[in-house]
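What follows is each chain in one-letter form.
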Amino acid sequence: MNNPISIADAKAWTKKWQDDNPNHAKAFSISIDDLLACISQLGLTITKNANGIYESDDANAKIRAYMGIDVNNLSEGFGEKLVYVATVLDNGSYKDVVEDGSYPASGIRRNGSGAFDFTNPCPNYCDKNSSLYH
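These numbers were taken from a predicted model, which means no experiment stands behind them.

Q: An account of the overall build of the chain is needed here, citing residue identities and associated values.
A: The helix and strand tally for the chain stands at 2 helices and 10 strands. Put simply, the chain has 134 residues, and 24% of those count as buried. The long-range fraction of contacts in the chain, counting pairs at least 24 apart against all pairs at least 6 apart in sequence, stands at 50%. Here the chain displays about 8800 Å² of accessible surface, and carbon together with sulfur accounts for 51% of that area.

Q: Kindly report on the state of the cysteines, identifying the contributing residues and their values.
A: The final tally for this structure, using the stated rule, is 1 disulfide. Across the disulfide from cysteine 122 sits cysteine 126; the S-S distance is 2.0 Å. Its torsion about the S-S bond being 110°, the disulfide of cysteine 122 and cysteine 126 is classed as right-handed. Residue cysteine 122 is classed as buried on the basis of its relative accessible area of 4%. Overall, cysteine 126 belongs to the partly exposed group, its relative accessible area being 27%.

Q: Tell me what's going on with the pattern of salt bridges, and back it up with residues and numbers.
A: On inspection of all chains with the given rule, the structure shows 4 salt bridges. Here lysine 15 and aspartate 19 are joined by a salt bridge, their closest N and O atoms 2.8 Å apart. With lysine 15 and aspartate 19 both in helix H1 (residues 7–20) and 4 residues apart, the pair spans about one turn of that helix. Judged by relative accessible area, which is 41%, lysine 15 ranks as partly exposed. Its relative accessible area of 47% is what places aspartate 19 among the partly exposed residues. Taking the shortest distance from any N to any O, the salt bridge between arginine 64 and aspartate 96 comes out at 2.2 Å. In this pair, arginine 64 is assigned in strand E4 (residues 62–69) and aspartate 96 in strand E6 (residues 93–96), connecting sequence segments 32 residues apart.

Q: Requested: an account of the environment of glycine 79, with residues and values cited.
A: Relative to the assigned elements, glycine 79 resides in the loop between E4 and strand E5 (80–90). Judged by its relative accessible area of 2%, glycine 79 falls in the buried class. Separated by 42 residues in the primary sequence, glycine 79 and proline 121 place their C-alpha atoms 7.9 Å from one another. Glycine 79 has contacts with Gly68, Ile69, Asp70, Asn73 and Leu74, leaving out every residue within four places of it along the chain.

Q: Which residues make up the environment of alanine 115, and what are the values?
A: Residue placement: alanine 115 occurs in strand E9 (residues 115–116). Accessibility expressed as a relative area gives 38% for alanine 115, which makes it partly exposed. Setting aside anything within four residues of it in sequence, one finds alanine 115 in contact with Val83, Tyr84 and Val85.

Q: An account of the nonpolar core is requested, with residue identities and associated values reported.
A: Counting 10 residues, the largest nonpolar core is built from Cys38, Ile39, Leu42, Leu44, Leu82, Tyr84, Ala86, Val88, Val97 and Phe118. Top contributing element to this core by residue count: E5, with 4 residues. If we skip the residues at most four places from it in the chain, leucine 82 touches Phe28, Ala65, Tyr66, Met67, Phe116, Asp117 and Thr119.

Q: Residues and numbers for the side chain of glutamate 80, please.
A: Residue position: glutamate 80 is located in strand E5. Among buried charged residues, glutamate 80 stands out as having no salt bridge; its nearest opposite-charge side chain is lysine 81, 11 Å away. Within polar-contact distance, the side chain of glutamate 80 engages the side chain of histidine 24 at 2.3 Å. A polar side-chain atom of glutamate 80 sits 2.4 Å from the main-chain amide nitrogen of alanine 25. Apart from residues lying up to four places away in sequence, glutamate 80 is in contact with Asn23, His24, Ala25, Phe28, Gly68, Ile69 and Pro121.

Parameters at a glance
Residues numbered from 1 in each chain as written. Predicted model: local features only at pLDDT ≥ 70, side-chain atom pairs only at ≥ 80, totals over all residues. Heavy atoms only, no water. Helix = DSSP H or I, 4+ residues; strand = E, 2+ residues; numbered from the N terminus. Buried < 20%, exposed > 50% of the residue type's maximum accessible area, 1.4 Å probe, protein only. Contact = heavy atoms within 4.5 Å. Areas by Shrake-Rupley, 256 points an atom, 1.4 Å probe, with all protein chains shown as cover. Disulfide = S-S within 2.5 Å. Salt bridge = Lys/Arg side-chain N within 4 Å of Asp/Glu carboxyl O. Core = buried A, V, L, I, M, F, W, Y, C linked by side-chain atoms within 4.5 Å. Lys, Arg positive; Asp, Glu negative; His and termini not counted. Polar contact = N/O pair within 3.5 Å; in protein donor to acceptor, adjacent residues only side chain to side chain.

Right, here's the structure in full:
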């Protein structure tokens, strides 16, 4: 699934967030390699279609991002974090693939936490010349 939005919507949404939340992160940079590591937990096959768009072999696969604050790292931005987890459709609802457990409908067995923090918040990691930086 490919869900691009217009740059006008992107500007309006980011301006609204940044105006309403001046003491929170404006954005997060996310390592592609780490994001792919999270995706790989699902055992997906990723291919490039004829239009050059990358797709997985499971249209139901998703990643969920939880908001968090690392109180030991408040000097970097506001300490805000995105905690990523892979999810699977299991018996009609999306389940986080975290901690030890089985997800029978998907065939996935998880050992360990399954939670990832691989973001850098803005501030301090910002593109101040971006049209989305307000």
